[in-house]
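# Results of the structural survey
In case you want the letters, here they are:
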Amino acid sequence: MEKFTTLRSTAVPLDIENIDTDQIIPARFLKATDKKGFGDNAFRDWRYNKQGEINNDFILNDPTYSGSILVAGDNFGCGSSREHAPWALVGYGFKVIVSSFFADIFKGNALNNGLLPVQVSSDFLKNLMSEITNNPETIVTVNLEAQTISANDGNLSQAFDIDPYKKTCMINGYDDIDFLLSKKDAIEAFEVEKQF
């Protein structure tokens, strides 16, 4: 995984609540087991109409908004458990998803795949969404080490929680196996000491 410490980026406001994993990546695209190509079908049924033409009314098709941060409505990632949802979001180019609530399984899958879910208060989300919608050039800063998210030159700021283990993994670019390998010397020393 790519190391994550601080990200400064413009953001895309997706002001829709209860976005489920089937909307993030429709089930018909789940046949592959390789992460490559999933970004092409992120939000497929919203980005394109039934004829396969671009839906110009959908925010991801609006060139006014861009960036590697997606600011979404409450209850993001609900629905069925599928690791393909964070694969699609990362493949599309997002590194951070901001919402006032995440489904637990989605949150775990996101963290396991290098996608940072930043959970904020409803008021902060509303203010951030408004700021980005009104000024697409707004820079959002996510500082994982300090566990803060801010915008509007720091005038809009809030702390967020993250599991300490997952924080360590993201900062170092570790998956679970990489983390264990990083402890190899300590494990071997313990084995010698205990004479296993």
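Relevant structure appears above.
Rules and cut-offs
Residues numbered from 1 in each chain as written. Predicted model: local features only at pLDDT ≥ 70, side-chain atom pairs only at ≥ 80, totals over all residues. Heavy atoms only, no water. Helix = DSSP H or I, 4+ residues; strand = E, 2+ residues; numbered from the N terminus. Rg over C-alpha atoms; globule rule 2.2 N^0.38 Å. Buried < 20%, exposed > 50% of the residue type's maximum accessible area, 1.4 Å probe, protein only. Contact = heavy atoms within 4.5 Å. Pairing = 2+ DSSP bridges.

## Quick notes on the overall build of the chain
- For the chain, the count of helices and strands is 8 helices and 8 strands.
- At 18 Å, the chain has a C-alpha radius of gyration in line with the 16 Å of a compact globule built from 196 residues.
- Considering only C-alpha atoms, the chain reaches an extent of 65 × 45 × 25 Å along its principal axes.
- Out of the 196 residues belonging to the chain, those deemed buried represent 43%.
- Counting contacts in the chain only where the partners sit at least 6 residues apart, residues at least 24 apart contribute 65% of the total.

## What to know about the pairing of strand β8 (residues 156-159)
- The pairing of strand β7 (residues 148-151) with β8 spans 4 bridges and is antiparallel. Residue Ser150 lies in a different strand from β8, and its bridge partner there is Ser157.
- Hairpin remark: β7 followed by β8, antiparallel, with 4 residues in the connecting loop; positive phi at Asn152, about 55 degrees.

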